[in-house]
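Here are the chains, one letter per residue:
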Amino acid sequence: MDALKKKIINEGQVIMPNILKVDHFINHQIDVALLVEMGEYFKNFFKDKTITKILTVEAGGIAIASLAALAFDNIPVVFAKKDNSKILCDDCYLTQVHSFTKDKTYTIRVDKRFIQKEDCVLIIDDFLANGQACLGLIDLVRQASASIAGVGVVIEKGFQPGRGLIEKQQVEVCALATIEAFVDGKVILK
Ligand code: 5GP
């Protein structure tokens, strides 16, 4: 994923000590062709698994998951909702997630109709930091007794513990770019 790595270096902005802003191409304005390429990379990485669904969390993961779904022959994308509205669904799997960027804990939910025990689910998100978002999604899939094909993230911050925590759950991680460190406001990629 050289194109992604170039974009991170040229257009990513380090804000605060530990946060990378990528709103030129992922989180606000979207480079669709780059997302298509990412989807193909995920498809190739997980080619030995029969994946039936992609699960992500709103809002940052939705575009990435949707274009990946096309690479997987248009399998459905389900996104966990953060909304707390009672009319949203009355029969949901729920779990708590602590947000790294917002420093608050919130509930995410998926309607039970959308993950079935026969499903093999690929979890996708934009960033992997402390792993809490992905661990929450893993929890939702396990509540449904479905199987997990793996976790695919666009950008992993390798100096945070996310990968280790997910691998401890016996779940494989595919990261398209791994950041080793931020040094003087610059991104050092692995
Ligand atoms: P984790 O749950 O792994 O600690 O953090 C992942 C979630 O936090 C992602 O869904 C992403 O939205 C957000 N996040 C974590 N680190 C960053 C970052 O450096 N930049 C941006 N833009 N989002 C991040």
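Here we summarise the structure given alongside this text. (Residues numbered from 1 in each chain as written. Predicted model: local features only at pLDDT ≥ 70, side-chain atom pairs only at ≥ 80, totals over all residues. Heavy atoms only, no water.)

1. Description of the packing of aromatic side chains
Evaluation of the coordinates by the stated rule reveals 2 aromatic pairs. On the numbers, 4.9 Å between centres and 70° between planes, the contact of phenylalanine 45 with phenylalanine 46 is edge-to-face. Taking 5.5 Å as the distance between ring centres and 70° as the angle between the ring planes, the aromatic pair formed by phenylalanine 159 and phenylalanine 182 counts as edge-to-face. Of the two residues, phenylalanine 159 sits in the loop between strand 8 (147-157) and helix 5 (162-168) while phenylalanine 182 sits in strand 9 (residues 173-183), which places them 23 residues apart along the sequence. (Phe/Tyr/Trp six-rings, centres within 6.5 Å; stacked < 30°, edge-to-face > 60°. Helix = DSSP H or I, 4+ residues; strand = E, 2+ residues; numbered from the N terminus.)

2. Section: the site of the ligand
Lining the immediate surroundings of the ligand are 16 residues, of which Leu20, Asp125, Asn130, Gly131 and Ala133 lie closest. At 2.8 Å, a backbone N or O of alanine 129 approaches an oxygen atom of the ligand. Here the ligand loses 87% of its free accessible area of 500 Å² to cover by the protein chains. At the level of elements, strand 2 (19-21), strand 7 (120-128) and helix 4 (132-143) are the ones that each hand at least two residues to the shell around the ligand. Take the shell around the ligand: its biggest share by element is 4 residues, from strand 7. Here the residues of the shell around the ligand are counted per class, giving 7 nonpolar, 6 polar and 3 charged. (Near = heavy atom within 4 Å. Polar contact = N/O pair within 3.5 Å; in protein donor to acceptor, adjacent residues only side chain to side chain. Areas by Shrake-Rupley, 256 points an atom, 1.4 Å probe, with all protein chains shown as cover. Nonpolar A, V, L, I, M, F, W, Y, C, P; charged D, E, K, R; others polar.)

3. Re the sheet that holds strand 9
If you trace the 6 strands from one edge of the open sheet to the other, you get 4-3-7-8-9-10, paired in mixed fashion. Here the strands that pair on one side only, and so sit at the sheet edges, are strand 4 (77-80) and strand 10 (186-189). Between one strand axis and the next, the sheet turns by 30° as a mean value, whatever way the strands run. Of the pairings in the sheet, the one linking strand 3 (residues 53-57) to strand 4 comprises 4 bridges and is parallel in character. When the sheet's bridge partners are listed, isoleucine 54 is paired in strand 4 with valine 77. Taken strand by strand, helix 4 contacts strand 3, strand 4, strand 7 and strand 8, and its axis lies near 165° from that of strand 7. (Pairing = 2+ DSSP bridges. Axes fitted to C-alpha atoms, helices over the stretch in contact; angles between N-to-C directions. Contact = heavy atoms within 4.5 Å.)

4. Considering the nonpolar core
Grouped together as the largest cluster of nonpolar side chains are 34 residues, with contacts concentrated most on Leu4, Leu20, Ile26, Met38, Ile54 and Ile155. Elements that contribute at least two residues to this core include exactly helix 1 (2-11), helix 2 (32-45), helix 3 (62-71), strand 7, strand 8 and strand 9. Those residues in contact with isoleucine 26, other than ones at most four positions away along the chain, are Leu4, Met38, Ile64, Asp126, Val154 and Ile155. In this structure, Tyr106, Ile108, Ile115 and Leu140 belong to the second largest nonpolar core, which totals 27 residues. (Core = buried A, V, L, I, M, F, W, Y, C linked by side-chain atoms within 4.5 Å. Buried < 20%, exposed > 50% of the residue type's maximum accessible area, 1.4 Å probe, protein only.)

5. Remarks on helix 3
Taken residue by residue, helix 3 has Ile64, Ala65, Leu67, Ala68, Ala69 and Ala71 as its buried positions. Residues of helix 3 that are buried in the fold lie against helix 2, strand 3, strand 4, strand 7 and strand 8.

6. Some words on the packing of helix 1 against helix 2
Running from N to C, helix 1 and helix 2 cross one another at 130°; their axes reach a closest spacing of 10 Å. The angle between the axes of helix 1 and helix 2 places the two elements in the oblique class. Contact residues: helix 1 offers Ala3, Leu4 and Lys7, while helix 2 offers Leu34, Glu37 and Met38. The class makeup of the residues in the contact of helix 1 with helix 2 is 4 nonpolar, no polar and 2 charged. (Parallel < 35°, antiparallel > 145°, perpendicular 65-115°, else oblique.)

Geometric descriptors of this kind do not, in isolation, establish any biological role.
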